[in-house]
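# Structural description and commentary
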Amino acid sequence: MCDHATAAQLQRIAKAVASARVDHTIISAVYDAYAPAVYGVLQRVLRCEDRACEVLLHTFVKCSDKGANTTLAALFRTAFSSACSTTDAVERPALEGRIKAWYAEVLAERPVREVARA
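Presented here is a report on the structure given in the accompanying data block. (Residues numbered from 1 in each chain as written. Predicted model: local features only at pLDDT ≥ 70, side-chain atom pairs only at ≥ 80, totals over all residues. Heavy atoms only, no water.)

### Describing the nonpolar core
Core analysis: the biggest nonpolar cluster contains 21 residues, and Val-38, Leu-42, Val-45, Leu-46, Phe-80 and Leu-95 have the highest contact counts within it. Residue assignment for this core shows that the elements contributing at least two residues are α2 (24-46), α3 (49-63), α4 (72-85) and α5 (92-109). Element by element, the count of residues in this core is highest for α2, at seven residues. In this structure, Leu-46 is in contact with Arg-51, Ala-52, Val-55, Ala-83, Leu-95 and Arg-98, ignoring residues within four places of it in sequence. (Core = buried A, V, L, I, M, F, W, Y, C linked by side-chain atoms within 4.5 Å. Buried < 20%, exposed > 50% of the residue type's maximum accessible area, 1.4 Å probe, protein only. Helix = DSSP H or I, 4+ residues; strand = E, 2+ residues; numbered from the N terminus. Contact = heavy atoms within 4.5 Å.)

Next up, the structure:
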C-alpha cells in the first residue's frame, strides 16, 4: 500500500525550502538539471508517483545546503536513504532489493575503462 505525504506535509516541505538560507538560483539550477532523473528512478523503485514526489522534495531540502556542489550521486544516495527510512519494516527489504537492482543495472551499462599498463 502506498503511504504518501498529505497536502499538509508537502506544504511544510515547501515552506522549509522557501525559508532555507540558500541561493535559490543555484538550487533551482540543480533541481532543473537533476530532478527529472532522480524522480524517474524514484518512480521506478518506489512504484508510487506521489511517494516519489514526496521523497524528491525531501531530497532537495536535505541537499539544499550543498548548493552547486550537489552531485547526482549525492542526490541518489540521499533519495534512497530517505525512501528506505520512511518505508515500513515489511516493505523495506523489497525496496532495498529494487534499489540494489537499479545500481547493478547502472553499473552494468557503464563502459569498462581499460587500465593503461606501465
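So, next bit.
### Examining the environment of Cys-53
Here Cys-53 is to be found in helix α3. The spacing of Cys-53 and Gln-43 is ten residues in sequence and 8.3 Å in space, taken between C-alpha atoms.

### A short note on the packing of α3 against α4
As a packed pair, α3 and α4 sit with axes 9 Å apart at the nearest point and diverge in direction by 125°. Considering the angle they form, α3 stands oblique to α4. The way α3 lies across α4 gives a crossing that is right-handed. Contacts from Arg-51, Val-55, His-58, Thr-59, Phe-60, Lys-62 and Cys-63 in α3 reach Leu-75, Thr-78, Ala-79, Ser-82 and Ala-83 in α4. Residue composition of the contact of α3 with α4, by class: six nonpolar, four polar and two charged. (Axes fitted to C-alpha atoms, helices over the stretch in contact; angles between N-to-C directions. Parallel < 35°, antiparallel > 145°, perpendicular 65-115°, else oblique. Left-handed = near helix turned anticlockwise from the far one by under 90°. Nonpolar A, V, L, I, M, F, W, Y, C, P; charged D, E, K, R; others polar.)

### Some thoughts on the packing of aromatic side chains
Within the structure shown, the criterion is met by six aromatic pairs. Judged by centre distance (4.8 Å) and plane angle (65°), the rings of Tyr-31 and Phe-60 are edge-to-face. One end of the pair, Tyr-31, is in helix α2; the other, Phe-60, is in helix α3, with 29 residues separating them in the sequence. By relative accessible area, Phe-60 is classed as buried at 8%. On the basis of an interplanar angle of 25° and a centroid distance of 5.9 Å, the ring pair of Phe-76 and Phe-80 is categorised as stacked. With a gap of four residues between them, Phe-76 and Phe-80 both fall in helix α4, about one helical turn apart. One exposure class covers both Phe-76 and Phe-80, and it is buried. (Phe/Tyr/Trp six-rings, centres within 6.5 Å; stacked < 30°, edge-to-face > 60°.)

### Things to note about the pattern of salt bridges
Pairing of side chains with opposite charge becomes possible as their charged atoms draw close. Summed over the entire model, instances satisfying the criterion amount to one salt bridge. We note a salt bridge from Arg-44 to Glu-105, for which the minimum N-O separation is 2.5 Å. One end of the pair, Arg-44, is in helix α2; the other, Glu-105, is in helix α5, and 61 residues separate them in sequence. Relative accessible area serves as the criterion here: at 44%, Arg-44 is assigned to the partly exposed category. (Salt bridge = Lys/Arg side-chain N within 4 Å of Asp/Glu carboxyl O.)

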